[in-house]
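Topology and contacts: notes
Take a look at the letters that make up each chain.
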Amino acid sequence: MSSSSFNITSTSSSSDIATEPDADAGAEQTRRTLLIGALVTTACLGCSAPSRAGEDAPGADERPQKGDLLVFSEGDQEGKVITAADLPRGGPPVHAWPKDPKTSVVRSGSRLNEILIIRLDPAELDEQTKSRAVDGIIAYSAICSHAGCPVTAWVKSDVGDKEVFKCMCHNSEYDPRAGAQVVFGPAPRRLAALPLALVDATLNVAGNFIGKVGGQQPG
Ligand code: FES
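Looking at an unreviewed UniProt entry, one finds the protein chain named 2Fe-2S ferredoxin and attributed to Bradyrhizobium neotropicale.

Rendered as structure tokens:
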């Protein structure tokens, strides 16, 4: 890009200066400057387009879709498909991205796609939560509904003796046994739930997020 831009500048200057009357020299210089600027700008846009296009594959920022697989979003196993065997009963939760099984695109292009998956005793789940679960395995958006921080902790609740999801930004707590309803802190609503299914012994997304994903104000 650099060498072609320099060539454009050099060629235009030598031919135009030789044919212009002196009285129009200032205006013509301005015209040439604008023209060259436009050409350089166009060339730069052309150079930067491939890197922008390559940042995220198509579908990477789409919300989880029915049939998506779930892969680890962090740690030693990042990118590996999560199976029931990866999830110890009673927690802690695993952080995951959805992955399109047809294109192998991991939907990590939006932080709003990060998911918490945890395996609990099915007997602990309320009926609605159980209906979205597979053998006690349930999934929720990992984005706090207060100001959009990631929900990162699995700790004993400030208001009970059970462990809960906790957002460390302002201490909101969510109970995954009861649809991730808020049990403590300023969060205005529960985490969005992601229904799961078991297909050929593999965890799959069974439908869209239920509820709003993300915070009520910039995080
Ligand atoms: S962003 Fe989670 S409690 Fe405020």
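This part covers unusual backbone geometry. Cis geometry marks the peptide bond from Gly91 to Pro92; its omega dihedral reads 5 degrees. Backbone geometry places Asp135, a non-glycine residue, at a positive phi of 50 degrees. You can see Asp135 is positioned in the loop between helix 3 (127-131) and strand 4 (137-141). Phi at Asn171 is positive, roughly 70 degrees, even though this residue is not glycine.

Pairing is antiparallel across the open sheet formed by five strands, whose spatial order is 1-2-3-4-9. On the outer flanks of this sheet lie strand 1 (69-72) and strand 9 (193-194), each paired with one strand and no other. Bridging between strand 2 (residues 94-99) and strand 3 (residues 115-119) involves three bridges; their strand directions are antiparallel. Across the sheet, residue Val94 finds its bridge partner in strand 3, namely Ile117.

Here we have four strands laid out as an open sheet, ordered 5-6-7-8, and antiparallel in their pairing. Sheet topology places strand 5 (153-156) and strand 8 (181-184) at the edges, where each strand pairs with a single neighbour. This sheet shows a mean twist of 45 degrees between the axes of neighbouring strands, independent of strand direction. Here four bridges tie strand 5 to strand 6 (residues 163-167), and the two strands are oriented antiparallel to one another. Paired with Ala153 across the bridge in strand 6 is Lys166.

With five of six residues buried, strand 2 lies mostly within the body of the structure. Across four bridges, the pairing between strand 1 and strand 2 is antiparallel. Bridging from a neighbouring strand, Leu70 pairs with Pro98 of strand 2.

Let us look at the nonpolar core. Ile115, Leu116, Ile117 and Tyr140 are the most contacted members of the largest nonpolar core, which has 40 residues in total. When contributions to this core are tallied by element, the ones reaching two or more residues are strand 1, strand 2, strand 3, strand 4, strand 6, strand 8, strand 9 and strand 11 (202-205). With sequence-adjacent residues up to four places away left out, Tyr140 is seen in contact with Ile115, Leu116, Pro176, Ala180, Leu191, Ala192, Ala193 and Leu194.

This paragraph deals with the environment of Ile117. In this fold, Ile117 is placed in strand 3. By the C-beta count within 10 Å, which is 23 here, Ile117 ends up buried. In this structure, the C-alpha to C-alpha distance between Ile117 and Ser141, residues 24 residues apart in sequence, is 8.9 Å.

Next up on the list: the confidence of the model for the protein chain. Per-residue confidence for the protein chain gives a mean pLDDT of 81; residues scoring 70 or more make up 74%. Here residues 1-54 scores under 50 on pLDDT; set against residues more than four positions off or in separate chains, the count is 15 contacts.

Procedures and definitions
- Residues numbered from 1 in each chain as written.
- Predicted model: local features only at pLDDT ≥ 70, side-chain atom pairs only at ≥ 80, totals over all residues.
- Helix = DSSP H or I, 4+ residues; strand = E, 2+ residues; numbered from the N terminus.
- Pairing = 2+ DSSP bridges.
- Axes fitted to C-alpha atoms, helices over the stretch in contact; angles between N-to-C directions.
- Buried ≥ 20, exposed ≤ 12 C-beta atoms within 10 Å, placed from the backbone.
- Core = buried A, V, L, I, M, F, W, Y, C linked by C-beta atoms within 7 Å.
- Contact = placed C-beta atoms within 7 Å.
- pLDDT = per-residue confidence, 0-100.

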